[in-house]
Structure formats: C-alpha cells, structure tokens
Amino acid sequence: ENGLGKISSLASKGLATATKTITATSAALSGMGGYAIKVGSSFETAMSQVAATMGMSAEEIHNGSAEFSKLQEAAKNAGATTKFSARQAAKALNYMALAGYDTNKSVQTLPTVLNLAAAGDMDLATASDMVTDSMSALGDKAGTVESFVTCWRGNRSEYRAGNFCRQWCKRG
C-alpha cells in the first residue's frame, strides 16, 4: 500500500499540475481569441468604410459583391505578404476610393503604394493619400502611379520628409 499511496500522491500532483496548465493555456487562448476578434472586426470596419466610400450598398456586399471581394482579397494579401496589416491596407484602399479610384485601379495601385510606404518607412495610409493627392493634382503630367513613385523614390534627398510629392505638385 505504501507504494500505491506514493503512486496515488504522484498522480494527484500530476493531475493538479495538468489542470493548472490546461487552465492557463485555455485562458491564454481565450485572450488570443478575443484579440483575433478585435483585429478581425477592425479589418471589417475598415473594409466597410472602403465599400461605403466607393458607394457599395450593404445589400450588395451581403449578396457577395465581386468588387468588394476583390478589395478584401487585396487587403488581406497585403497583410499576409508585407509588414503592413490587412487593416492598414484597407485604410490605404479607402484613400484611393476617396480619390475616385475604382476597384480595379485601387487593387492595381496598392502594391506600388505598399512598396513606397515600406521603402519610405511611412504610414501606409499617408503614402496612399500622398500618391492619390499628387496624381490628382498633376493629372496626366504625373504619368502612371508606378512612374511617379519610381521618380519620387529616386529623389533620395527629399525622400524621407515626403517633400518630393509636395514639391512636384507645386511645380505641376
């Protein structure tokens, strides 16, 4: 019985330790789940803003709008493949929508804006706003978004402060 008593005591201690570990793990996972929900709802809120800015109705979105799905996919892809989150990409898409870009132009422009923001170590929404404002102000003089950003990135002396876009617009 002495041996059985020791085994029983060890089993009880092991069970108590396992219970504490499971409880702690469960609490941590629950907290992470709450964070994931918050991040997810934050992304959904940002995407709803993009849709509203582009004039999409809630009914259109709920019925599986291909345009909305394309925008969501672009933002999620940006979040998965760059240093920026999907929510940040959605905010950048909203600036494009505010500038009058349609879905296709926004999705096409997003990678260029992502590269600019990453290279310039700037906020993604700010980079998007600067590019769309500059492109709108300059019209055809700016060329394509890609050529404009390439020229801007090449001007290193003015790059960090973001003066190039402002200076180019003044010269426009």
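Refer to the structure presented above.
Draft legend 1. Seen up close, the overall build of the chain. Scanning the chain for helices and strands turns up nine helices and zero strands. In sequence order, the secondary structure elements of the chain are arranged as α-α-α-α-α-α-α-α-α. Across the 172 residues of the chain, 32% fall into the buried class. Relative to all contacts within the chain whose residues are 6 or more apart in sequence, the contacts with residues 24 or more apart total 59%.

Draft legend 2. Highlighting the pattern of salt bridges. Throughout the structure, instances matching the rule amount to one salt bridge. A salt bridge links Lys 83 to Asp 121, with the shortest nitrogen-to-oxygen separation between them at 3.5 Å. On the criterion of sequence distance, the pair formed by Lys 83 in the loop between helix 3 (66-81) and helix 4 (86-98) and Asp 121 in the loop between helix 5 (103-120) and helix 6 (124-138) is long-range, its members being 38 residues apart.

Draft legend 3. Expanded view of the environment of Ala 118. As for its position among the elements, Ala 118 is in helix 5. Counting along the chain gives 36 residues from Ala 118 to Thr 82, while the straight-line C-alpha distance between them is 8.5 Å. Excluding residues within four positions of it along the chain, Ala 118 makes contact with Lys 83 and Phe 84.

Draft legend 4. Looking closely at a negative patch on the surface. Side chains of Glu 59, Glu 60, Glu 67 and Asp 102 sit close together on the surface and give a patch of like negative charge. Considering the arrangement of structural elements, one finds Glu 60 in helix 2 (residues 58-62). When its relative accessible area of 35% is taken as the criterion, Glu 60 is described as partly exposed.

Draft legend 5. Geometry of the packing of aromatic side chains. Summed over all chains, the structure comprises zero aromatic pairs. Of note, Lys 105 hangs over the ring of Tyr 101, and the distance from its end group to the ring centre comes to 4.3 Å.

Calculation criteria
- Residues numbered from 1 in each chain as written.
- Predicted model: local features only at pLDDT ≥ 70, side-chain atom pairs only at ≥ 80, totals over all residues.
- Heavy atoms only, no water.
- Helix = DSSP H or I, 4+ residues; strand = E, 2+ residues; numbered from the N terminus.
- Buried < 20%, exposed > 50% of the residue type's maximum accessible area, 1.4 Å probe, protein only.
- Contact = heavy atoms within 4.5 Å.
- Salt bridge = Lys/Arg side-chain N within 4 Å of Asp/Glu carboxyl O.
- Patch = residues over 30% accessible without salt bridge, like charges linked within 9 Å, V, L, I, M, F, W, Y side chains within 5 Å.
- Areas by Shrake-Rupley, 256 points an atom, 1.4 Å probe, with all protein chains shown as cover.
- Lys, Arg positive; Asp, Glu negative; His and termini not counted.
- Charge placed at Lys NZ, Arg CZ, Asp CG, Glu CD.
- Phe/Tyr/Trp six-rings, centres within 6.5 Å; stacked < 30°, edge-to-face > 60°.
- Lys NZ or Arg CZ within 6 Å of the ring centre and 35° of its normal.

In short, the description is geometric, and any link to function would need to be established separately.
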